[in-house]
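The lines below spell out each chain.
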Amino acid sequence: AQKVTQTQTSISVMEKTTVTMDCVYETQDSSYFLFWYKQTASGEIVFLIRQDSYKKENATVGHYSLNFQKPKSSIGLIITATQIEDSAVYFCAMRGNQGGSAKLIFGEGTKLTVSS
Amino acid sequence: GPKVLQIPSHQIIDMGQMVTLNCDPVSNHLYFYWYKQILGQQMEFLVNFYNGKVMEKSKLFKDQFSVERPDGSYFTLKIQPTALEDSAVYFCASSRDWGVEQYFGPGTRLTVL
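All of these numbers come straight from a predicted model, not from anything done at the bench. (Residues numbered from 1 in each chain as written. Chains lettered and ligands numbered in written order. Predicted model: local features only at pLDDT ≥ 70, side-chain atom pairs only at ≥ 80, totals over all residues. Heavy atoms only, no water.)

A. Structural context of the overall build of chain B. Of regular secondary structure, chain B possesses zero helices and 11 strands. Each helix and strand of chain B, placed in order from N terminus to C terminus, yields the pattern β-β-β-β-β-β-β-β-β-β-β. Compactness check: chain B gives a C-alpha radius of gyration of 13 Å against a globular reference of 13 Å for 113 residues, within 12% of the reference. If one aligns the C-alpha atoms of chain B with their principal axes, the spans along those axes are about 35 × 25 × 25 Å. Looking at the 113 residues of chain B, the share that counts as buried comes to 48%. Of all intrachain contacts in chain B linking residues separated by at least 6 positions in sequence, the fraction that spans at least 24 positions is 54%. When the accessible area of chain B is evaluated, it comes to approximately 5,700 Å², of which 51% is carbon and sulfur surface. (Helix = DSSP H or I, 4+ residues; strand = E, 2+ residues; numbered from the N terminus. Rg over C-alpha atoms; globule rule 2.2 N^0.38 Å. Buried < 20%, exposed > 50% of the residue type's maximum accessible area, 1.4 Å probe, protein only. Contact = heavy atoms within 4.5 Å. Areas by Shrake-Rupley, 256 points an atom, 1.4 Å probe, with all protein chains shown as cover.)

B. The arrangement of the nonpolar core in detail. Of all hydrophobic cores here, the largest spans 42 residues; its most connected members are Phe 106 of chain A together with Trp 34, Tyr 35, Leu 77, Tyr 90 and Phe 104 of chain B. Broken down by element, the residue count for this core peaks at six residues, all from strand E9 (residues 88-95) of chain B. Val 4, Phe 68, Leu 77 and Cys 92 of chain A belong to the second-largest nonpolar core, a separate cluster that totals 26 residues. (Core = buried A, V, L, I, M, F, W, Y, C linked by side-chain atoms within 4.5 Å.)

C. Expanded view of the sheet that holds strand E1 (residues 5-7) of chain B. All names here are of chain B. Reading across the sheet, the four strands line up as E1-E3-E8-E7 and stay open at both edges, with antiparallel pairing between neighbours. Looking along the sheet, the strands with just one partner apiece sit at the ends: E1 and strand E7 (65-68). Neighbouring strand axes in the sheet, compared pairwise and without regard to direction, differ in orientation by 20° on average. Of the pairings in the sheet, the one linking strand E3 (residues 19-24) to strand E8 (residues 75-79) comprises five bridges and is antiparallel in character. By the bridge assignment, Leu 21 is partnered in E8 with Leu 77. (Pairing = 2+ DSSP bridges. Axes fitted to C-alpha atoms, helices over the stretch in contact; angles between N-to-C directions.)

Here you go:
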């Protein structure tokens, strides 16, 4: 069975600092895709960044980057130079690659609060 | 990023009634999805739809649920009849291709009384 786990329920940081959010996953698939989304206070869900399991390089988009540790089945999200507007709930998600499945399996989410 | 639209934003209905949730996917996307989120919980997959057919559905996609996308119109989720446990926020998503990121709409909050 596939599963995504985010153990950090909430994190509070000061703006302009760096924050790392953890995510571990379980899958039997030999290749898979990992995603991070954020859900704003209004409920909007925004795609942030993606990591394909066969790629060794960590993905980076703007001030988001990933720490992909395949042997540990871990995909951490790193946000550098945080801003107040980064406050949101961050979800890690996985899509397997077997049987034609395209569904995303989400973690429980980590609430990030950025203060001035 | 690409925008998915959902109508209505909030729907309140009595248990046993029928409800249709509408989604306007990104224009060049071919794969469509519905997810359910109960307040404060993680999002859960319901169904995905491609080329006029349901490709995959979860256990949450009960017999009372159906999806369709008549040519050029909304991708819809119909629940008939509704039950109290159907109260949740329903998110529509679409993707350009099978393996790439999905883009989500703003959600429809469904309240079943």
